[in-house]
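If you want the building blocks of each chain, they are given just below.
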Amino acid sequence: MYFKKHKAKAVLLCILSAIIIFFAVNIIVSNCILTYNEYTVETTKIKGQTNFVAISDSEGRSFGENNSRLAEKVKDANPKFVMILGDMVDNDTGDYSAVVDLCNTLTKDFPVYYALGNHELSFSESEQGMYLKNLKNAIDNTGATMLINEMTDFTTKDGDKITIAGLKRYPFFDYDAPNYDNEENRLFQKYLKQEDESHFSILMCHYPETYVWGFDKYNIDLMVCGHTHGGLFRIPFVGGVYAPEQGFMPKYSKGYYTNGNANMLISAGLNNSQNIPRLFNPLDVTVITLKGK
């Protein structure tokens, strides 16, 4: 009997140890290892095929000296262009040296487009204007293009034109009702006109909750977002546990979503959130292939 009791305790201890080790390894993997998530979007609006990388939410974190590990991971995907979806600066200090280092490397090989997130916009009203001016100057000096309620075009090797727009904030907050006379809405309406054209259009918008707030009613070829950190903890076969503005068990936390009109892809980001570690949720370098059909 004595032997059986100790054997049972030993088995239980081994099981508990294995569980602890399993979760510890997963936390390390989810918070330290850069991984690819790959998606293919088929469309009649392009003739050939092209691909791009989308990254977001590093929050000032640097991967290696001069962000070299992240730069190499992006370059190894061999994209035709790169999208940076915001929240790439340190929210506490405003330091943007890590993303400047990244852009300095990437722009040697690819066009790079940068849209703002809430961290780039989190400073006081008196500080915000100068901060954004300095950030934009630093990014522009790397050769990257910061799109603040602006649009530009990219042409593929097959001659397909792709319009890329960067939206600063949600255009339809109640305080701008009923006319919503703001720069965001002017850009959004201009972007929507692209949907009447034959070429493909991409909307860079940091905030996927805008899909819930009404963007899902529009014809949007592809909206590319960040912000959710993949739901932070991911429950296998269920999804993310928490996302800003969506709360617990968010409907939209990572991956590709479509309702037949509006199409959205969420990158799970490159850092934890408020020092809460990620779980079952590796750091995300998102690779999107656009394929003609």
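The structure this text deals with has already been given above.
What comes next concerns the included structure. Residues take numbers from 1 onward in each chain, read along the sequence in its written order. pLDDT decides what is reported in this predicted model: residues at 70 or higher carry local features, side-chain atom pairs at 80 or more are listed and counted, and totals for whole chains, interfaces and linings draw on all residues regardless. To obtain the side-chain values, all non-hydrogen atoms of the structure were included, while hydrogens and water were left out.

### Details of the overall build of the chain
Phase 1 of the analysis: The secondary structure listing takes helices from DSSP runs of H or I that are at least 4 residues long and strands from runs of E that are at least 2 residues long, numbered from the N terminus. Along the chain, the regular secondary structure elements total six helices and 16 strands.
Phase 2 of the analysis: When we talk radius of gyration, it's over C-alpha atoms, and the globule rule is simply 2.2 Å times the number of residues to the 0.38. Compactness check: the chain gives a C-alpha radius of gyration of 21 Å against a globular reference of 19 Å for 293 residues, within 12% of the reference.
Phase 3 of the analysis: Dimensions along the principal axes, computed over C-alpha positions, put the chain at roughly 80 × 45 × 45 Å.
Phase 4 of the analysis: In the chain, which comprises 293 residues, the proportion classed as buried is 52%.
Phase 5 of the analysis: Contacts are assigned to residue pairs with any non-hydrogen atoms lying within 4.5 Å of each other. Taking contacts inside the chain between residues at least 6 apart in sequence as the whole, the part at least 24 apart equals 71%.
Phase 6 of the analysis: Here the chain has roughly 14,200 Å² of accessible surface; of this, 53% comes from carbon and sulfur atoms.
Phase 7 of the analysis: Both charge centroids of the chain, one from 28 positive and one from 34 negative side chains, sit 10 Å from each other. Think of it in three bands: with a 1.4 Å probe and only protein chains considered, a residue is buried below 20% of the maximum accessible area for its type, exposed above 50%, and partly exposed in between. Only the protein chains shown count as cover for residues, with accessible areas throughout obtained via the Shrake-Rupley method and a probe of 1.4 Å. Residues scored as charged are limited to Lys and Arg (positive) and Asp and Glu (negative), so that His and the chain ends carry no count. Charge placement uses NZ in Lys and CZ in Arg. For Asp and Glu, CG and CD serve respectively.

### Some thoughts on the sheet that holds strand β5 (residues 145–146)
Phase 1 of the analysis: When DSSP locates at least two bridges between a pair of strands, those strands are taken to pair. Judged by pairing direction, the sheet is mixed, and its six strands sit side by side in the order β1-β16-β2-β3-β4-β5 without closing on themselves. A strand with exactly one partner marks an edge of an open sheet, and here the two such strands are β1 (34–43) and β5.
Phase 2 of the analysis: Judged from the two bridges that link them, strand β4 (residues 112–114) and β5 form a sheet pairing that is parallel. What sits directly across from Tyr113, in β5, is Thr145.

### Considering the pattern of salt bridges
Phase 1 of the analysis: Salt bridges, as used here, are contacts in which a Lys or Arg side-chain nitrogen is within 4 Å of a carboxyl oxygen on Asp or Glu. The tally for this structure, following the rule as stated, stands at eight salt bridges.
Phase 2 of the analysis: For Lys217, the salt bridge is made with Asp216, and the minimal N-O distance between the two is 4.0 Å.
Phase 3 of the analysis: Lys217 sits in the exposed class, given a relative accessible area of 67%.
Phase 4 of the analysis: A single salt-bridge network, built from bridges that share partners, covers Glu72, Lys75 and Asp109.

### Considering the side chain of Ser56
Phase 1 of the analysis: Mapped onto the elements of the fold, Ser56 is located in the loop between β2 (49–55) and α2 (68–76).
Phase 2 of the analysis: What Ser56 contacts, discounting residues up to four positions off in sequence, is Leu85, Gly86, Met88, Gly226, His227, Ser267, Gly269 and Leu270.

### Digging into the sheet that holds strand β8 (residues 200–205)
Phase 1 of the analysis: Spatial ordering of the open sheet is given by β6-β7-β8-β9-β15-β14, a layout of six strands whose pairing is mixed. The open sheet is flanked by β6 (150–155) and β14 (255–258), the only strands paired with a single partner. On average, each strand axis in the sheet is tilted by 20 degrees relative to the strand beside it, whichever way the strands run.
Phase 2 of the analysis: The sheet contact formed by β6 and strand β7 (residues 161–167) spans six bridges and is antiparallel. By the bridge assignment for β7, Thr155 is matched with Lys161. Under this scheme, a helix contributes an axis fitted over its contacting stretch, all axes are lines through C-alpha atoms, and angles between N-to-C directions fall in the 0 to 180 degree range.

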